[in-house]
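# Commentary on secondary and tertiary structure
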Amino acid sequence: MATDTAHDTGQYEAGQTGLIVKVPEAEPAVRAWRERLDPSAAAGIPAHVTVLFPFLEERLIDAAVHAALTETVGAHRAFDVRFAESRRFPEVLYLAPEPDTELRLLTRAITARWPQAQPYGGRFPDVIPHLTVAQRQEADVLAEIEADLTRSLPLTTRVSSVDLMVHDGTAWRDRASFALRG
């Protein structure tokens with residue numbers, strides 16, 4: 001749930017939730033880097049692209065929210081994304097999913113259903129889907145990581161679900177998974 005203030009400082013709160021697309025195909029390429037240089041990995045979040053963080057507080061997620069997420073996510077078809085290159089935000093190295101259109105549409109659909117849950121608290125005018133690899137590193141370290149990642153790219157993943165994760169005060173835990181059509 002990259003680039004969020006809580007994420008950047010490693011300070012998560014019990015009851016925070018987020019919606020992600022897990023990318024297990026990326027784990028062999030990014031796991032070692034993420035474990036060292038991305039606080040979300042140490043907090044229990046696998047390689048992923050964030051769909052919406054923060055989502056609703058855990059105490060607000062009931063059967064009606066689950067049903068609405070099932071409907072909202074299920075209105076979208078499963079799709080493939082390819083990660084062929086790394087890119088940078090200030091202080092963040094990430095893998096860029098292409099195309100990212102369907103990921104953006106998922107975020108928009110969920111945000112339209114829950115307008116109180118704006119991506120990254122509304123901090124960014126354009127939310128760019130990404131898979132964070134490293135944060136707050138010097139340029140030479142990022143260049144080393146990029147060179148290493150080049151050997152593992154491209155990689156492709158099938159996006160067939162969106163996962164709800166909840167922070168329990170110690171780590172992020174899987175709470176539910178919502179299937180896309182097909």
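Reading the values: the criteria
- Residues numbered from 1 in each chain as written.
- Predicted model: local features only at pLDDT ≥ 70, side-chain atom pairs only at ≥ 80, totals over all residues.
- Heavy atoms only, no water.
- Salt bridge = Lys/Arg side-chain N within 4 Å of Asp/Glu carboxyl O.
- Pairing = 2+ DSSP bridges.
- Helix = DSSP H or I, 4+ residues; strand = E, 2+ residues; numbered from the N terminus.
- Axes fitted to C-alpha atoms, helices over the stretch in contact; angles between N-to-C directions.
- Phe/Tyr/Trp six-rings, centres within 6.5 Å; stacked < 30°, edge-to-face > 60°.
- Buried < 20%, exposed > 50% of the residue type's maximum accessible area, 1.4 Å probe, protein only.
- Contact = heavy atoms within 4.5 Å.

## Some remarks on the pattern of salt bridges
- Applying the stated criterion across every chain yields a total of 12 salt bridges.
- Taken together, the shared-partner salt bridges connect Glu85, Arg87 and Glu98 into one network.

## What about the sheet that holds strand 4 (residues 92-98)?
- If you trace the 4 strands from one edge of the open sheet to the other, you get 5-4-3-6, paired in antiparallel fashion. Unpaired on one side and paired on the other, strand 5 (131-135) and strand 6 (155-159) mark the two borders of the sheet. For this sheet, the mean angle separating the axes of adjacent strands, direction not counted, is 30°.
- The pairing of strand 4 with strand 5 spans 4 bridges and is antiparallel. What sits directly across from Tyr94, in strand 5, is Thr132.

## Details of the environment of Met165
- Within the secondary structure, Met165 sits in strand 7 (residues 161-167).
- In sequence terms Met165 and Val49 are 116 residues apart; their C-alpha atoms lie 13 Å from each other.

## Description of the packing of aromatic side chains
- A complete count under the given rule lists 5 aromatic pairs for this structure.
- Seen from their ring centres, Tyr12 and Trp172 are 5.3 Å apart, and the 85° between their planes marks the pair as edge-to-face. Pair noted here: Tyr12 is in the loop between helix 1 (5-9) and strand 1 (17-22) and Trp172 is in strand 8 (residues 172-179), with a separation of 160 residues, a long-range link.
- On the basis of relative accessibility, which here comes to 12%, the residue Tyr12 falls in the buried class.
- For Trp172, a relative accessible area of 2% translates into the label buried.
- Ring centres of Phe55 and Trp114 lie 5.2 Å apart, and the angle between their planes is 85°; on these two criteria the pair is classed as edge-to-face. Here the residue Phe55 occupies a position in the loop between strand 2 (48-52) and helix 4 (63-74), and Trp114 occupies one in the loop between helix 5 (101-113) and strand 5, the gap between them amounting to 59 residues. With respect to class, Phe55 is no different from Trp114; both count as buried.

## What to know about the sheet that holds strand 8
- The strand order 2-1-7-8 describes an open sheet built from 4 strands, whose pairing is antiparallel. At either margin of the open sheet sits one strand with a lone partner, and together these are strand 2 and strand 8. Averaged over all adjacent pairs, the angle separating strand axes in this sheet is 35°, with direction ignored.
- With 7 bridges joining them, strand 7 and strand 8 adopt antiparallel strand pairing. Note on strand 8: the bridge partner recorded for Asp163 is Ser177.
- Where helix 4 meets the sheet, its contacts fall on strand 1, strand 7 and strand 8, and the angle it forms with strand 8 comes to roughly 55°.
- Its contacts with the sheet place helix 5 against strand 1, strand 2 and strand 7, and it is angled at close to 30° to strand 2.

## A word on the pairing of strand 6
- Here strand 6 shows a buried face lined by Leu155, Thr157 and Val159 and an unburied face lined by Thr156 and Arg158.
- As judged from the 5 bridges shared by strand 3 (residues 79-89) and strand 6, these two strands associate in the antiparallel manner. Bridging across to strand 6, Phe83 finds its partner in Leu155.

These figures capture arrangement, not role.
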